[in-house]
There are 2 protein chains.
Amino acid sequence: VKDFIDKIKNELDDNTLYLDPEKEDLGTYTSDWTKKFNGNTPLVLRPKTTLHVSQMLSICNELGVSIIPQGGNTGVVGGSTPRSEEVVLSLSRLNNLADYDPASATVVCGAGTILKTLHDFATDRGMEFPVDLGARGQCQIGGMLATNAGGNRVLRYGLMREQVRGLEIVMADGTIVSNLNRLKKDNSGIDLKQIFIGSEGILGVITQAVLQLVPLPAARRTAMIALSDRENLPILLSEVRSRFPGLSSLEVLLLQVIEHVIEYVDGPEFPLPKQFPVYVLVEEETESSSAGHDGFVERLGGLFETGLIADAIIAESSLQSERLWHFREATGEAIVAAGFTHKFDVTIPQGEIPSFLDKMENVCSNILGARPLLFGHLGDGNVHVNFVQTPNISDKNFLAPASELAKIVYEETRIRKGSISAEHGIGMLKREFLIYSKTPEEISFMRSLKKSWDPRNILNPGVMIPD
Amino acid sequence: VKDFIDKIKNELDDNTLYLDPEKEDLGTYTSDWTKKFNGNTPLVLRPKTTLHVSQMLSICNELGVSIIPQGGNTGVVGGSTPRSEEVVLSLSRLNNLADYDPASATVVCGAGTILKTLHDFATDRGMEFPVDLGARGQCQIGGMLATNAGGNRVLRYGLMREQVRGLEIVMADGTIVSNLNRLKKDNSGIDLKQIFIGSEGILGVITQAVLQLVPLPAARRTAMIALSDRENLPILLSEVRSRFPGLSSLEVLLLQVIEHVIEYVDGPEFPLPKQFPVYVLVEEETESSSAGHDGFVERLGGLFETGLIADAIIAESSLQSERLWHFREATGEAIVAAGFTHKFDVTIPQGEIPSFLDKMENVCSNILGARPLLFGHLGDGNVHVNFVQTPNISDKNFLAPASELAKIVYEETRIRKGSISAEHGIGMLKREFLIYSKTPEEISFMRSLKKSWDPRNILNPGVMIPD
C-alpha cells in the first residue's frame with residue numbers, strides 16, 4: 001500500500017486527486033450514514049474524469065490494491081465503506097450533468113451527480129426524472145445505478161435499470177467500456193450495461209450514464225384508504241391496478257407505523273380515524289390538471305363499491321397530498337428516533353403479503369419489548385420490516401440475535417419465493433444470506449463473472465458474493 | 001455427428017423427441033420464413049421438458065456438436081437456421097402456459113408459447129400482454145426473449161426485457177439455471193437473466209419465463225396526422241410526448257409508403273389527402289372508455305395550435321382505428337409483394353431522423369429503379385429502411401451490392417450514434433457489421449462471456465459475435 005500511495009502521487013501529479021488520512025480529516029468517507037459500518041482507509045481517491053478513474057484502477061490492479069467505489073454513501077448494507085486496507089474511490093467529483101436532448105428526452109450524467117440536482121435539472125426543462133427516494137439530497141446517480149435503486153414510483157416507471165440508455169464503465173484493469181448512446185431500442189449484441197446495473201461495484205466502476213427523462217404529469221392525485229382486514233390487500237391491489245391506469249404509488253402502512261410516526265415526528269394530524277389495522281396511500285398521475293374532471297374521485301367511488309375499503313380521504317391540494325405522504329416519508333426519521341432497529345428490505349409475492357405480515361408480527365412478539373413496524377410498496381411487493389427498540393428494551397437482549405433474526409426473516413421470505421433484497425442490495429450485510437434468494441448455480445455464475453473481469457479481486461472485495 | 005445421433009437415440013429412449021431427416025420431411029426447420037437462409041441439419045431435436053433440453057445439451061457439449069436453438073423461426077437475420085452440420089433444437093413443444101397469479105399479474109410461460117396464445121390467455125383474464133408485433137400468430141416467447149423483441153407499443157411498455165420477472169435457462173453443458181420468480185424488485189446479486197435476454201441463444205437456451213401482464217386499457221384512441229415538413233418530426237415528438245400522457249404508439253410513414261401499400265395490398269381508402277410528404281399514426285390509451293370525455297380530441301386540438309400539423313383524422317370507432325392501422329400493418333405484405341427488398345432495421349436518435357431519411361432517399365436514388373420505403377416507430381427512433389425492387393429493376397443490378405449497401409446504411413447510422421439493430425437482432429446477417437454499433441472493448445467482453453459459458457462453442461455458432 002505504501003508503494004501504491006507513492007505511485008499514485010507520482011503518476012497523478014495533482015494533490016487534489018486524493019485525500020491523505022495522515023494529513024486530513026476523512027469525515028464521512030469511512031463510515032456509512034447508519035453508522036453501522038465503520039472502517040479505515042489508507043487513501044481516498046477523488047478523480048475528476050473518467051480517465052483519472054482508469055489510471056487509478058490500472059495502478060490498483062497492477063499492485064493488487066483493493067478499492068471501494070463510493071457515491072453518496074447513503075446505502076444501508078455496507079456496500080461502500082472500507083474496512084481497513086482498502087482505498088476509497090469517491091466518484092463525487094464526476095458530477096457533470098449536461099447534453100440534454102429534447103427529441104430523445106435524455107441527458108448525460110456523471111456518476112457523482114446528486115439525485116436532487118438531476119430532479120431540478122429535469123424540472124427546469126419541463127420534464128422529470130421519475131426515480132425518487134428519501135435520500136434524494138445526498139445519494140448519487142452512480143451509487144443508485146450500482147444498486148439498481150427503486151423508490152416510490154417503481155410501479156409506474158420501474159427501477160434505475162429502466163431509466164438507463166447508455167453507460168460508461170471502467171473495468172478493474174482500467175479499460176474504459178463506453179457506450180453513451182441515447183437509444184431505447186438497441187439490439188446489437190449482448191446488452192453489457194445490464195450486467196453492471198445492480199452489480200454493487202464488484203465488476204466495474206460506473207462513471208457516466210445516459211438517462212431517460214419523462215414528461216411531468218399534468219397532475220398527481222393522492223388518497224389515503226383504510227382497510228378493516230389485511231387479508232384484502234392482494235385483492236385491493238388487483239382492483240386498484242385495473243381501475244387506476246395512471247397508478248404511480250401504492251404504499252401500505254400498518255396502524256402501528258402511523259402511531260409510531262405520530263409519536264416520534266412532528267407533523268400534521270392524521271386525517272382518518274385511527275381504528276383500522278391497515279392504511280394504503282394511493283397516488284395516480286392523471287391526464288387532466290383540473291381536479292374533478294380527471295375521474296379520480298369516480299374511480300375511488302368504484303373502489304368503495306367493491307366493499308374492500310372502510311374509509312378514505314382524498315387530498316384536495318398538493319399541500320394536502322404532502323400531508324398524507326408525511327406518514328410514509330417520516331417513517332425513516334421515526335425509526336431512527338426510536339433507537340436501534342433491525343431492518344429488513346424484502347420482496348414478497350403480493351398474494352403472500354398478509355401471511356408474511358402476520359408472521360413478522362409473530363416473530364417480533366418473541367423479542368421482549370420490540371415493536372414491529374411494517375410498511376412498504378404494496379404495488380411491487382416490497383415490504384420494509386423494522387423491529388424497533390422501545391424504551392423498555394435492553395440493548396443486550398435486542399442486539400444479540402441479529403444473525404439469528406435475519407435467518408428467520410429470510411427463511412420466511414424464501415419459502416414464499418421472495419427476495420432478501422428488494423432495493424437495498426446485498427453489500428457486506430446480507431452476503432451470507434444470498435443463498436436464501438439465489439441458487440448455487442446462480443451464485444456460481446456470479447463468481448465466474450467476477451473472476452473473469454476482476455481476476456485480482458480488487459473491486460469492492462467482500463461485497464455481495466459469499467465466500 | 002453419427003455418434004451423436006446414436007447417443008441421443010440411446011439415452012433419450014423416445015423417438016418423438018427428434019425428427020430424422022433421412023426418414024421425415026423437415027419442412028420449415030431448415031429455412032427461415034424470408035427464404036434468405038436455408039441449410040441442412042442431421043437431426044431436429046424436439047424436447048418436451050427443460051430436463052430434455054438439459055440432457056440434449058449435455059450430450060452435444062460432450063461430443064462438441066453444434067446446436068441451433070429455434071423458436072417460431074420468424075426472425076429476419078438468420079439467427080435460428082442451421083447451415084449444414086448443426087443440430088436444430090426446436091423449443092416449440094415447451095409451450096406450457098399456466099400459473100397465472102392475479103396479485104402479481106404474472107404468468108409462467110414456456111419458451112415455445114406462441115405470442116397470440118399468450119395474448120388470448122391474458123385477455124381471458126381481463127389483462128393484456130403488451131408486446132405485440134406482426135408475426136404474433138407464429139413467433140414464440142423464447143425467440144422473442146432471445147432477441148429482446150420490440151413491436152408497436154415499446155413507447156409505453158418497453159421491449160421484452162421489461163416484461164420479464166423470472167427466467168429459466170439451460171447452459172451449454174446442460175446446467176439448469178432456474179429463477180422463475182414473480183418479483184419486479186429483486187436486487188439480490190447480479191441480475192443474470194438480463195445477460196440472456198437479447199443474447200440470441202449464444203450463451204444459453206431459454207426454456208421458461210415468468211412474464212408480467214398489464215391491465216387492459218379502458219380505451220385506445222387513434223388518429224392519423226399529416227405533416228408538410230419532415231424537419232418537424234423531432235419537435236412533433238416532443239410535443240406529442242408532453243401532451244399525450246397515455247401515448248402508446250407513434251408511427252411515421254412517408255407518403256411513398258402509403259402509396260406502395262395502396263398499390264400492393266387491398267384495403268380501405270386512405271382517409272387523408274395524399275398530398276403531404278409525411279404521415280404519423282398516434283395512439284393513446286385513455287382512462288375513460290367514453291370517447292369525447294377522455295380529452296383526446298382536445299389534446300389533438302392543442303397540437304394543431306402549435307402549427308406543426310397540416311391535417312388529421314380521428315378514428316371514431318375501433319373499426320376506423322383498424323383502418324388507420326392498416327397502412328402501417330400492411331407494410332410487410334406490400335414489401336414482400338413487390339419483389340426482392342434490401343431491409344435494414346436501425347435506431348437513429350430521434351433528432352437525427354429527418355437528415356437520416358434524406359440520406360436514405362439519396363442512397364436509394366443511386367440504385368437504378370429501386371424504391372425507398374421508409375417508416376418506423378418515431379417514438380423510439382426505430383426506422384425500418386427498405387429498398388424495394390420495382391418492375392423496371394433487374395435482379396442483377398439490385399442483388400449485387402448487398403454488402404456495400406449495408407456499409408453505407410450502417411455508416412450513416414454510426415455517425416448519428418444509432419444502432420444497426422433496433423429490434424431484429426444481429427444473427428448471421430449483421431455479424432460483420434457489429435463494429436458499426438459496438439466498440440472493440442464491448443465486442444471483446446461479449447467474446448469473453450461466450451468463451452466462459454460456452455467454451456466448446458456449440459450454441460448458435462456463427463451468430464452475433466464477429467470472428
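Only a predicted model underlies this, so the values are computations on that prediction, with no experimental measurement involved.

Undergrad: Honestly, the interface of chain B and chain A in this entry has me stumped. Any pointers?
TA: By a widespread convention, an interface's size corresponds to the accessible area lost as its parts come together. With 83 residues of chain B at the contact, the number on the chain A side is 83 residues. Carbon and sulfur atoms make up 58% of the surface buried where chain B meets chain A, a total of about 6100 Å² over both sides. Per-residue buried area on chain B facing chain A is highest for K185, N187 and E287 of chain B; these three make up 16% of the total on that side. Linking chain B to chain A there are eight salt bridges. Its salt-bridge partner being D191 of chain B, residue R161 of chain A comes within 3.7 Å of it at the nearest N-O pair. At the junction of chain B with chain A, the criterion picks out 32 residue pairs in polar contact (both at pLDDT 80 or more). Broken down by secondary-structure element, the contributors of at least two residues to the side of chain B that touches chain A are α5 (154-157), β9 (176-179), α6 (193-196), α7 (233-243), β14 (278-286) and α15 (440-453) of chain B. Per-element tally for the side of chain B that touches chain A: the top contributor is α15 of chain B, with eight residues. A class-by-class count of the residues in the side of chain B that touches chain A yields 31 nonpolar, 32 polar and 20 charged.

Undergrad: Please clarify how helix α8 (residues 255-264) of chain B should be interpreted in this entry.
TA: Taken together, the buried positions of α8 of chain B are occupied by L255, V257, I258, H260 and V261 of chain B. Residues of α8 of chain B that are buried in the fold lie against β13 (247-254), β14, α10 (318-329), α11 (331-338), β17 (371-377) and β18 (382-388) of chain B.

Undergrad: Looking at this structure, how should I read the pattern of salt bridges?
TA: One side chain can pair with another of opposite charge once the charged atoms of both are near each other. Within the structure shown, the criterion is met by 62 salt bridges over all chains. Measuring nitrogen to oxygen at the nearest pair gives 3.8 Å for the salt bridge that ties K407 of chain A to E404 of chain A. One end of the pair is K407 of chain A and the other is E404 of chain A, both in helix α14 (residues 402-415) and three residues apart, which spans about a single turn. Note that D14 of chain B and K48 of chain B form a salt bridge whose closest N and O atoms lie 3.8 Å from each other. With a gap of 34 residues between them, D14 of chain B in the loop between α1 (2-11) and β1 (18-19) and K48 of chain B in the loop between β2 (44-45) and α2 (50-63) connect regions that are remote in the sequence. Overall, the relative accessible area of 25% leaves D14 of chain B in the partly exposed class. The class for K48 of chain B is partly exposed, based on a relative accessible area of 42%.

Undergrad: Explanation requested: the relation of the copies chain B and chain A in the structure shown.
TA: Think of it as a corkscrew move, a rotation about one axis and a shift along it, taking one chain copy to the other. The two copies are related by a screw motion: chain B maps onto chain A through a turn of 180 degrees and a shift of 0.0 Å along the axis, at an RMSD of 0.0 Å. Expressed as an axis order, the relation between the two copies is that of a two-fold axis.

Undergrad: Where do I start with the pairing of strand β13 (residues 247-254) of chain A in this structure?
TA: Moving residue by residue along a regular strand, the side chains alternate between the two faces of the sheet. Residue and element names in this part refer to chain A. Across the eight residues of β13, eight count as buried, placing the element largely inside the fold. Sheet analysis places β13 next to strand β14 (residues 278-286), joined by seven bridges and oriented antiparallel. Counterpart to L253 in the pairing with β14 is Y279. Bridge analysis of β13 against strand β17 (residues 371-377) gives three bridges, and the strand direction is antiparallel.

Undergrad: What is the right way to read the environment of T147 of chain B from this model?
TA: Take T147 of chain B: it is sitting in the loop between α4 (141-146) and α5. Taking relative accessible area as the criterion, T147 of chain B reaches 25% and is therefore assigned partly exposed. C-alpha of T147 of chain B to C-alpha of I197 of chain B: the two residues are 50 residues apart in sequence and 6.9 Å apart in space. When neighbours within four sequence positions are excluded, T147 of chain B is seen to be in contact with N187 of chain A together with G198 and E423 of chain B.

Undergrad: Would you explain the sheet that holds β1 of chain B in this entry?
TA: Pairing between the strands of a sheet is mediated by backbone hydrogen bonds and can be parallel or antiparallel. All names here are of chain B. Taken in spatial order, the four strands line up as β1-β2-β4-β3 in an open sheet, and their pairing is mixed. Each edge of the sheet is formed by a strand with only one pairing partner; in this case those strands are β1 and β3 (67-70). Here four bridges tie β3 to strand β4 (residues 87-90), and the two strands are oriented parallel to one another. When the bridges of β4 are listed, P69 appears paired with L89.

What counts, and where the lines are drawn
- Residues numbered from 1 in each chain as written.
- Chains lettered and ligands numbered in written order.
- Predicted model: local features only at pLDDT ≥ 70, side-chain atom pairs only at ≥ 80, totals over all residues.
- Heavy atoms only, no water.
- Contact = heavy atoms within 4.5 Å.
- Buried area = accessible area lost by both parts, 1.4 Å probe.
- Salt bridge = Lys/Arg side-chain N within 4 Å of Asp/Glu carboxyl O.
- Polar contact = N/O pair within 3.5 Å; in protein donor to acceptor, adjacent residues only side chain to side chain.
- Helix = DSSP H or I, 4+ residues; strand = E, 2+ residues; numbered from the N terminus.
- Nonpolar A, V, L, I, M, F, W, Y, C, P; charged D, E, K, R; others polar.
- Buried < 20%, exposed > 50% of the residue type's maximum accessible area, 1.4 Å probe, protein only.
- Least-squares fit on C-alpha atoms with pLDDT ≥ 70 in both.
- Pairing = 2+ DSSP bridges.

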